[in-house]
Amino acid sequence: FVRISPELKIGGTVASGGVLDGFRGRGLGSGLMAAALDRASDLNARVLHVQAADDDEPFHRLLASSGFERVTTYWNMVWSAGAPRGADLPAGYSFRDFKLGVDEERLTELQNAVFGGTWGFCSNTVEEISARVRLERTEPEGIIFVLDDELPIAYCWTSRAKNEFGSIGYISMTGARPEYRGKG
């Protein structure tokens, strides 16, 4: 399958998907890639972004044969050093949890300020953020603001997947306003 997610505000689309191991090598990936490129063209997108794992050489070859080139690298990092230490902020700053039904506009403005102008970021609307903060894996207390007085200057948005066997936490997004970076 291939899923195309339009981000036309920034002239792009994002493709994700894949072919099951037992069905690779039959041209299915090439067909899906052609369909993704056709759909991006139909949407008048200037770019089609596709993520590929570093160690997926067959996928790298497929992308290269379709005219793609590497433009950036994402890091997926895992914490395995035991319990994290408590958080300390410099004087004058404080933490506050996100409040559902109150902070959606504040989070939207902050996220757009943090990531605006960065590679591949499509600004969000209050409606989009309102929907995302209500998804199953998001808990309002898992979105934490750092405040300078009452101004949100940074945030960490966590998610948690859980079932009867336990849970795994994720940092979905984190960042600081450009003018506050490097201040601890």
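In case you missed it, the structure is sitting above this.
Residues numbered from 1 in each chain as written. Predicted model: local features only at pLDDT ≥ 70, side-chain atom pairs only at ≥ 80, totals over all residues. Heavy atoms only, no water.

A.B. asks: So what's going on with helix H2 (residues 57-65)? Which residues, and what values?
C.D. replies: All of the buried residues in H2 are His60, Leu62 and Leu63. Projected onto a plane normal to the axis of H2, the buried residues spread over an arc of 160 degrees and lie on a single side. Summarising the geometry of H2, the exposed residues directed more than 90 degrees from the buried face are Arg61 and Ser65. Check the buried side of H2 and you find it contacts helix H1 (28-42) and strand E3 (47-50). At the exit of H2 stands glycine 67, carrying a positive phi of roughly 95 degrees. (Buried < 20%, exposed > 50% of the residue type's maximum accessible area, 1.4 Å probe, protein only. Helix = DSSP H or I, 4+ residues; strand = E, 2+ residues; numbered from the N terminus. Arc of directions from axis to C-beta. Contact = heavy atoms within 4.5 Å.)

A.B. asks: Describe the sheet that holds strand E7 (residues 166-176), with residues and values.
C.D. replies: The strand order across the open sheet formed by four strands is E4-E5-E6-E7, and the pairing between neighbours is antiparallel. Each edge of the open sheet is held by one strand with a lone partner, namely strand E4 (93-97) and E7. Strand-to-strand twist across the sheet, computed as the mean angle between neighbouring axes with direction ignored, equals 20 degrees. Relative to strand E5 (residues 143-148), E4 is paired through five bridges, and the arrangement is antiparallel. By the bridge assignment for E5, aspartate 97 is matched with isoleucine 144. (Pairing = 2+ DSSP bridges. Axes fitted to C-alpha atoms, helices over the stretch in contact; angles between N-to-C directions.)

A.B. asks: Tell me about the pattern of salt bridges, residues and numbers included.
C.D. replies: For the structure on display, the rule yields eight salt bridges. Taking the shortest distance from any N to any O, the salt bridge between glutamate 139 and arginine 160 comes out at 2.6 Å. Here glutamate 139, found in the loop between helix H4 (126-132) and E5, pairs with arginine 160, found in strand E6 (residues 151-163); they are 21 residues apart in sequence, far enough to count as distant. One salt-bridge network, in which partners are shared between bridges, spans Arg96, Asp103 and Arg106. (Salt bridge = Lys/Arg side-chain N within 4 Å of Asp/Glu carboxyl O.)

A.B. asks: Any details on the packing of aromatic side chains? Residues and values, ideally.
C.D. replies: The tally for this structure, following the rule as stated, stands at three aromatic pairs. Seen in terms of ring centroids, phenylalanine 98 and phenylalanine 145 are 6.3 Å apart; in terms of plane orientation they differ by 45 degrees. Their pairing is tilted. Taken together, the residues span a long stretch of sequence, with phenylalanine 98 in the loop between E4 and helix H3 (104-115) and phenylalanine 145 in strand E5 at a distance of 47 residues. For the pair shown, phenylalanine 98 and phenylalanine 145 are each scored as buried. Ring geometry for phenylalanine 115 versus phenylalanine 121: centroids 5.7 Å apart, planes at 35 degrees, classification tilted. The two residues phenylalanine 115 and phenylalanine 121 agree in class, both being buried. (Phe/Tyr/Trp six-rings, centres within 6.5 Å; stacked < 30°, edge-to-face > 60°.)

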